Amino acid sequence: MRPAFVPDLRPEAAEALGVFFLVLAGGAAILDGAGSLAVALAFGFAVAVLIYALGHVCGAHYNPAITIAFALTGHFPWRRVGPYLAAQLLGALAAAVLLDWVFDGVGPVTTTLRDGLGIPAAAAVEFLASFLLGLVIIGVATDKRASQGFAGIAIGLTVAVNSVWAGPLTGSSTNPARTLGPALVDLQGDALWLYLAMPVAGACAAMATYEWLRGARKPHPGETLGALGPIDLHSTGAQ
């Protein structure tokens, strides 16, 4: 039996596992030489199935930008943000290490800017792609008027769409953990600050915008949200 003073980190473990398979699936598709559409589907399908598999356990944020945006809009406790971000980075790092071992290099998985694309344009691309992702997630996760049961599909398709239009420009990260994991293993990073800051800015702006669009709504005290809607971290014994 777990002592009362030991925190239950099963939700964080589920987050790490989800990010691990997300980066593993998308990264393997890239390293296998799959076409851009196949890579987009690999990332999108991975997100969708992992939302349905683990969303009821951890919320299936799988993205530091989404965790921070949920917290900023009052839908996630700030005390859990640090552990969630650490778990997400650990999952991405573990996947990058495995990919580096299996494929003898992880360089192509690192996110880079298209030749000739300026920093302002790249920042706008990552901001807008992250805005779209955040908008879809908060819409399907927090609004009871949204179609129920389709959150994973909607979010997975959004990831795939972003990969199609933004991928050729910036790699369509929209996820600081997805970028940072391979970058740390490969020891390189192209405009790394951009891939860390713009997803957070875009997701936060999107969720704040949706809160305004749907009108006044006060989050319930202690409300904790994930991709499938409200979750109860305490159901796993989390403190």
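Now for a quick tour of the structure. (Residues numbered from 1 in each chain as written. Predicted model: local features only at pLDDT ≥ 70, side-chain atom pairs only at ≥ 80, totals over all residues. Heavy atoms only, no water.)

**Observations regarding the overall build of the protein**
- Across its full length, the protein carries eight helices and two strands.
- Order of helices (α) and strands (β) in the protein, N terminus to C terminus: α-α-α-α-α-α-α-α-β-β.
- Per-residue burial over the protein gives 52% buried out of 239 residues.
- Accessible surface, the protein: about 10700 Å² in total, of which carbon and sulfur atoms supply 70%. (Helix = DSSP H or I, 4+ residues; strand = E, 2+ residues; numbered from the N terminus. Buried < 20%, exposed > 50% of the residue type's maximum accessible area, 1.4 Å probe, protein only. Areas by Shrake-Rupley, 256 points an atom, 1.4 Å probe, with all protein chains shown as cover.)

**What to know about empty space enclosed by the protein**
- A full pass over the atoms with the stated rule returns one cavity of 30 Å³ or more.
- For the largest cavity, the calculated volume is near 270 Å³.
- Around the largest cavity sit 24 residues that line it, and Leu22, Val47, Leu133, Val159 and Asn175 are the ones nearest its centre.
- The set of elements that each furnish at least two residues to the lining of the largest cavity consists of α2 (36-58), α3 (64-72), α5 (119-142) and α6 (151-170).
- For the lining of the largest cavity, the leading source of residues is α6, giving four residues. (1 Å grid on protein atoms, 1.4 Å probe; cavity = no way out; pocket = protein on both sides within 12 Å on 5 of 7 lines; lining within 4 Å. Points joined across faces, edges and corners; volume = space filled by probe spheres on them.)

**Details of the layout of surface pockets**
- Each pocket or cavity is described by its volume, and for the largest pocket that value is around 360 Å³.
- Lining the largest pocket are 22 residues, and of these Ile30, Val39, Gly167, Pro168 and Gly171 sit closest to its centre.
- Looking at the lining of the largest pocket, the elements with two or more residues in it are α2 and α6.

**So, the pattern of salt bridges**
- Here the structure, examined in full by the defined rule, presents two salt bridges.
- A salt bridge links arginine 80 to glutamate 12; its shortest N-O distance comes to 2.7 Å. Taken together, the residues arginine 80 in the loop between α3 and α4 (81-103) and glutamate 12 in helix α1 (residues 10-31) connect sequence positions 68 residues apart. Each member of the pair arginine 80 and glutamate 12 is classed as buried. (Salt bridge = Lys/Arg side-chain N within 4 Å of Asp/Glu carboxyl O.)

**Side note on the packing of α3 against α4**
- Close contact between α3 and α4 brings their axes to 9 Å; oriented N to C, the two are set at 170°. Taken together, the axes of α3 and α4 lie roughly antiparallel to each other. Residues Pro64, Thr67, Ile68 and Ala71 of α3 touch α4, and the partners they reach there are Val81, Tyr84, Leu85 and Gln88.
- Here the contact of α3 with α4 is built from residues that sort into six nonpolar, two polar and no charged. (Axes fitted to C-alpha atoms, helices over the stretch in contact; angles between N-to-C directions. Parallel < 35°, antiparallel > 145°, perpendicular 65-115°, else oblique. Contact = heavy atoms within 4.5 Å. Nonpolar A, V, L, I, M, F, W, Y, C, P; charged D, E, K, R; others polar.)

**A word on helix α8 (residues 192-213)**
- Along its 22 residues, α8 runs 32 Å from first to last C-alpha, staying within 8% of the 32 Å computed at 1.5 Å per residue.
- Of all the residues in α8, the buried ones are Leu194, Tyr195, Met198, Pro199, Gly202, Ala203, Cys204, Ala206, Met207, Tyr210 and Glu211.
- The positive-phi residue at the C-terminal boundary of α8 is glycine 215, with phi of around 95°. (Expected span 1.5 Å × (residues − 1).)

**Quick word on the environment of glycine 44**
- Looking at where glycine 44 falls in the secondary structure, it is placed in helix α2.
- Residue class for glycine 44 comes out buried when judged on its relative accessible area of 3%.
- Separated by 113 residues in the primary sequence, glycine 44 and leucine 157 place their C-alpha atoms 5.7 Å from one another.
- With sequence-adjacent residues up to four places away left out, glycine 44 is seen in contact with Gly156, Val159 and Ala160.

**Considering the packing of α4 against helix α7 (residues 176-186)**
- Between α4 and α7, the shortest axis-to-axis distance is 8 Å and the interhelical angle comes to 45°. Relative to α7, the element α4 is oriented oblique. The chirality of how α4 crosses α7 is right-handed. Of the residues in α7, those touching α4 at Gln88, Leu89, Ala92, Leu93, Ala96, Val97 and Asp100 are Ala177, Arg178, Leu180, Gly181, Pro182, Leu184 and Val185.
- Each residue belonging to the contact of α4 with α7 can be placed in one class, and the counts come to ten nonpolar, two polar and two charged. (Left-handed = near helix turned anticlockwise from the far one by under 90°.)

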